[in-house]
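Each chain is listed here by its residues.
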Amino acid sequence: MILLDTSAVIKLLRGEDAPLALADESVGLSSIVVMELHTGVFHGGGTKERKCVQEFLQAVEQFPFDEAAAISAAKVRAELWSQGTPIGDYDVLIAGHAIALGLNLLTDNVRHFERVDGLQVIPWRS
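Predicted model, so just to flag it, every value in this text is computed and none were measured.

A. Just the overall build of the protein chain, in detail. The helix and strand tally for the protein chain stands at six helices and five strands. What you see in the protein chain, going N to C, is helices and strands ordered as β-α-β-α-α-β-α-α-β-α-β. Its C-alpha radius of gyration of 14 Å places the protein chain within 12% of the 14 Å reference for a compact globule of 126 residues. Based on the C-alpha atoms only, the size of the protein chain along its principal axes is roughly 45 × 30 × 25 Å. For the protein chain, with 126 residues in total, the buried portion stands at 37%. Here the contacts in the protein chain between residues at least 6 apart in sequence split such that 64% fall between residues at least 24 apart. Surface summary for the protein chain: the accessible area is close to 7100 Å², and the carbon and sulfur share equals 52%. Averaging the positions of the 10 positive and the 17 negative side-chain charges in the protein chain gives two centres separated by 8 Å.

B. Examining the pairing of strand S2 (residues 27–30) more closely. Two strands pair when backbone bridges link them, and strand S1 (residues 2–4) and S2 are joined in this way by three bridges, in the parallel orientation. Within S2, the residue paired with Ile2 across the bridge is Val27. Where S2 lies against strand S3 (residues 61–63), three bridges are found, and the strand directions are parallel. Following the sheet pairing, Ser30 is matched in S3 by Phe63.

C. Representation of the environment of Gly84 within the structure. Looking at where Gly84 falls in the secondary structure, it is placed in the loop between helix H4 (67–83) and helix H5 (89–101). Each C-alpha atom of the pair Gly84 and Arg111 lies 15 Å from the other, and the pair is 27 residues apart in sequence.

Definitions and limits used
- Residues numbered from 1 in each chain as written.
- Predicted model: local features only at pLDDT ≥ 70, side-chain atom pairs only at ≥ 80, totals over all residues.
- Heavy atoms only, no water.
- Helix = DSSP H or I, 4+ residues; strand = E, 2+ residues; numbered from the N terminus.
- Rg over C-alpha atoms; globule rule 2.2 N^0.38 Å.
- Buried < 20%, exposed > 50% of the residue type's maximum accessible area, 1.4 Å probe, protein only.
- Contact = heavy atoms within 4.5 Å.
- Areas by Shrake-Rupley, 256 points an atom, 1.4 Å probe, with all protein chains shown as cover.
- Lys, Arg positive; Asp, Glu negative; His and termini not counted.
- Charge placed at Lys NZ, Arg CZ, Asp CG, Glu CD.
- Pairing = 2+ DSSP bridges.

Take a look at the structure:
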């Protein structure tokens with residue numbers, strides 16, 4: 001299974017061709033990504049976007065952000081701070097969650113996620 005970050009989900013929802021890495025893999029989402037998708041819909045999405053997101057969410061496995069994810073994210077944040085290379089708060093949570101789950105992360109935001117030690121990043125673009 002591969003965990004998708006928000007940028008990857010948006011690309012899929014827009015109909016972009018999925019990377020070959022997804023050919024034979026099931027996909028899952030962190031509950032943090034679910035929150036980000038709903039935020040986008042509530043902020044400016046219309047009925048069509050809301051329906052598209054809801055249908056997508058029904059089709060993929062979702063992982064709740066639990067204590068193991070929180071601890072993993074805290075380690076990620078502390079390490080990046082100590083190196084002087086912080087990333088966005090939600091990216092820290094998603095990265096920590098992927099590490100806690102032992103899953104690779106598919107993203108179009110490689111620049112941020114590649115800074116995270118122990119996170120296996122799959123770029124949207126090869």
